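Coordinate analysis (summary)
Below, each chain spelled out in residue letters.
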Amino acid sequence: MPANTPRSLTVTWGSESVLVSSIDHDLPAPGEPSAQGEVVAAGAANPQALLPDGAWRAIARATTAPEGIALQLRPSPGDPGGLLLEENVEGATLRSVVTRVHLSELLPGIQPRTGMEVNEVPDPQVEGLTRDGRPCAVVRYRYKDFGHLKDHVWQTLHGTLSINSYASSILARKVTRSLIAHPVEVTFEDGTPSFHGLVVRDGITRLASAWNVLAGPDADAAKTAAHAVGSLFGGIRPDAGEAGDAGEAGGAAPALDERLAEHRAQWREGIRKEFAHEMGLLEPGLRAAQIAQTFVVPAQIAVGAQHHPGHPLAPQDVFDDAIRSILASVHVDFKQWDAAAQHVEVITRALKRVIQQGDSLVPAEDLQAVYGLAVGRTSPDELPAAFRDDTIPGTPLWRSVYLVHALTRAGLFEQLKDQAKTIKGGRRMGPKGFAELLGPLVDLPWRSHKRAVTKQARNAWNNGGVLTDDVMLDWDPVPTGDFTSLVGPASRGDLNARCTLAVAGGIALIADKLLTRNVGSALGAAKEKGGVPFRSDVNQVVQDLSRQDNELGLWTLALAANAFRGDALPENAVTLRQLIRKDPDVGAAGRAYVHFRVDLAQPDRIARDENGVPEQLYQWDVVAASDEKRARPAKAAAGAGAGPGTDPDAPDAPAGTGAAASGRAADGGGGPGAAAVFLAPAGVDGRPASQRAADDRDVLRTSLAAAHDALERLKLLEPEVGAHTPVIPLPGLKELNRILVSLTADIENLRRRTEDLHEEDGEETEEAEEGEEAEEGLG
């Protein structure tokens, strides 16, 4: 076999045996500085590729073949654009180079699928760039500080790997499909110097999985993300250049981008040496395969964007919108985002287009405030300032009220629909179709806390949400700290009060799973299990609840809005599974709340049973309150006993919670460090086995109690972490389950053997006693 022939080998990856198809004997050599200079010169000379010099240098550093990029950029008499890949999207033409790049030069970018998630670390602000009125194929990411950048990269990689990983596939065949990337200017609010780099906009799972391969089979999502961040940024301090690190010669300190480039070059040199050592072995193994399959990856890098005449977007927004359009087409035709991510993508892009057109009846300042609310840049407590009205409560619910109101105004609704239809490629869109776009925007502040019912809530928005006929009319929200104060004006015909109650109360009922898209099976179900007296669309139920002559419905909406909280789920929304699992958001002291059924005969309008205990509200009650006449047959069929009750399948006391759990923890003495007790090997201290066994029993009990405490703390952290990143990723859960099953089996086997020994000892004792009695009798 020739010395340079790629070789195949089989390696062990976790529990898998992976056939690595081919490994080259050498890694790509670093590009020559002169060749990198050719890229900058060729890019500046190409009329269809418009980038700052810093962006060209970032591309030249990243690629393994700078001379190939220079060749693609070089224009010819017949084609002034050279050999650039050309893609036409709505409103723009994108031009890209195709090459291979170092894994260590790619940062994960912002992708629309994360737009419907709540993130611990906020996304950077994004701004497009232009030159002489023309769009540049680069965007500016603005982070708070250097730590924000590192945390964001860690979060993106960790969250991605928590959902999925292609590690074993990449180990076997490398990354085979090009990543879609483009240059980015990374800037910081705290004054940290900016630098240019490359971000991946499509293929983030492939990027994260490649880092997973390089980190090794024992690295979980967290360790992989930490390994990637360390490799990308090392221990570089952004302020080092200002701290006198100029060197003995007294020259200027290297800029941040130069120090980053030097760190990554040194990191790659270390990897090359490690790979050369591995390949020099008689039988190269797993580490050689890890490096060979991930050192470089294929990439399609956007370098030019041409604005089509008549397109409504401003030049600074053309490139990012074009990239998002390509991503959307990829994830519709090839691998779809879920519906919520698609809805976020459509409505936010449509809103930006309307803003850029500049012909909306809504003032531009108000449109910017609405956009800030929609994408999460404006927090709920900033709501009064955003709308220049100090009487507006700065709460998550009021944020959603004003967002729904703004997006459905006559001066904006039709324009948004037209743009949304253009982006989606559809021909028709009514209020129901528009409502489904609003669901993932409305639930932004509370989706992590109410994630157990997010699916049902979004289905309700798909069924019309709160977009009633009246809500689509001309009205204004009425700010108040007590929604019950609006019932009187609403019952007297005040449209503003009625619609405020409809939107606020309707959102509260939908978010708390007390108003869902009811299906046929719900008609036969008990009210305690989500049953309804009749079928009706969600927006029709809200419409009927908010009728002027429906006092019961208006009070139902008002009390629901008053009780609503964005940081927890109500007890009404508890399912049997949650009762057994005892989610920390449900029933925890200081966190739980309840929606109560309305009784107009009571002074406080809250229904109570014969013992004076307030009665919980059920979806049955909500739907029945919307049309009491229509609900009468179902009430009659249910009989006199159809009142609030207890789920007969629910356990009396959830296992593993409350006093029992506290008792176990106290008995075990387990604290955060209890699981770290040193377990000495058998016979080391020379004591009898029974004494060592007593110690080991204590270690086992303490460790299990500590594990239980750790699990409880993880459950409490779930709302803060957010649904995008599970506190225990799926591979970790599978591994924990395997360990627990094995532990349970071992304990059960010990229990059976111990019981058998007890039974045998008991029989021997009885026989001995009988023998002794017989001897006494003979005596």
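Counting restarts for each chain: residues are numbered from 1 in the order of the written sequence. Totals for whole chains, interfaces and linings use every residue, but because this is a predicted model, local features are given only for residues with pLDDT of at least 70 and side-chain atom pairs only at 80 or more, for both listing and counting. Note that water and hydrogens are dropped before the side-chain values are worked out from all heavy atoms of the structure.

Thoughts on the overall build of the chain
Where helices and strands are cited, they refer to DSSP runs of H or I of at least four residues and of E of at least two residues respectively, numbered from the N terminus. Scanning the chain from N- to C-terminus turns up 27 helices and 10 strands. Partly exposed residues are those whose accessible area sits between 20% and 50% of the maximum for their type, while under 20% is buried and over 50% is exposed, using a 1.4 Å probe and protein chains only. Put simply, the chain has 779 residues, and 48% of those count as buried. Counting every atom, the chain has about 36200 Å² of accessible surface; 52% of that belongs to carbon and sulfur. Where accessible areas are quoted, they stem from the Shrake-Rupley method and a 1.4 Å probe; at the residue level, only the protein chains shown are allowed to cover.

Looking at the nonpolar core
Within the largest apolar cluster, 97 residues are counted, with the highest numbers of intra-cluster contacts made by Trp56, Leu73, Leu149, Phe233, Ile301 and Val303. Contacts are assigned to residue pairs with any non-hydrogen atoms lying within 4.5 Å of each other. Residues in contact with Leu149, not counting those within four places in the same chain, are Tyr143, Val186, Phe188, Phe195 and Phe233. One finds Leu437, Leu441, Trp475 and Leu552 within the second-largest nonpolar core, a separate group that totals 90 residues. The set of buried Ala, Val, Leu, Ile, Met, Phe, Trp, Tyr and Cys residues whose side-chain atoms join them within 4.5 Å is what this entry labels a nonpolar core.

Some words on empty space enclosed by the protein
A cavity here means a set of points on a 1 Å grid, drawn over the protein atoms and nothing else, where a 1.4 Å probe fits but cannot get out; a pocket is an open set with protein on both sides within 12 Å along at least five of seven lines, and a residue lines either one if it has an atom within 4 Å of a point. Grid points are joined across faces, edges and corners, and a volume is the space filled by probe spheres set on the points. Enumeration over the complete set of coordinates arrives at two cavities of 30 Å³ or more. In this structure, the largest cavity occupies an estimated 90 Å³ of space. Contributions of two or more residues to the lining of the largest cavity are made by helix 16 (431-442), helix 17 (454-462) and helix 19 (495-511). Tallying contributions element by element places helix 17 first for the lining of the largest cavity, with four residues.

Some details on a nonpolar patch on the surface
Taken together, the side chains of Leu730, Leu733, Leu736, Ile739 and Leu740 present a nonpolar region at the surface, about 440 Å² in accessible area. Note that Leu730 resides in helix 27 (residues 730-778). Leu730 gets classed as partly exposed once you look at its relative accessible area, which sits at 48%. To count toward a patch, a residue needs a relative accessible area over 30% and no salt bridge; like charges are then connected within 9 Å, while nonpolar side chains (Val, Leu, Ile, Met, Phe, Trp, Tyr) are connected within 5 Å. What makes a salt bridge here is a side-chain nitrogen of Lys or Arg within 4 Å of a carboxyl oxygen of Asp or Glu, nothing more.

Some remarks on helix 1 (residues 33-45)
With 13 residues, helix 1 extends 19 Å from end C-alpha to end C-alpha; this agrees with the ideal 18 Å at 1.5 Å per step. Among all positions in helix 1, only Ala35, Val39, Val40, Ala42 and Gly43 are buried. A helix is expected to span 1.5 Å multiplied by its residue count minus one.

Thoughts on the pattern of salt bridges
Summed over the entire model, instances satisfying the criterion amount to 28 salt bridges. Of the charged contacts, one joins Asp202 and Arg206 as a salt bridge, the two residues approaching to 3.3 Å between their closest N and O atoms. As far as the burial class goes, Asp202 and Arg206 line up, both buried. Across the salt bridge formed by Arg752 and Glu748, the nearest N and O atoms sit 3.1 Å from each other. Residue Arg752 and its partner Glu748 are both found in helix 27; the two are separated by four residues, about one turn of the helix. Judged by relative accessible area, Arg752 falls into the partly exposed class, the value being 48%.

As for the packing of aromatic side chains
Note on aromatic contacts: the rings of Phe and Tyr and the six-membered ring of Trp form a pair at centre separations within 6.5 Å, being stacked when their planes are under 30 degrees apart, edge-to-face when over 60 apart, and tilted otherwise. Enumeration according to the criterion identifies 11 aromatic pairs in this entry. Judged by centre distance (5.6 Å) and plane angle (80°), the rings of Phe146 and Phe233 are edge-to-face. Of this pair, Phe146 sits in helix 4 (residues 146-163) while Phe233 sits in helix 7 (residues 221-233), and the two are 87 residues apart along the sequence. Phe233 matches Phe146 in its accessibility class, with the two residues each being buried. The rings of Tyr141, Tyr143, Phe146, Phe188, Phe195 and Phe233 are connected pair by pair, giving a single aromatic cluster.

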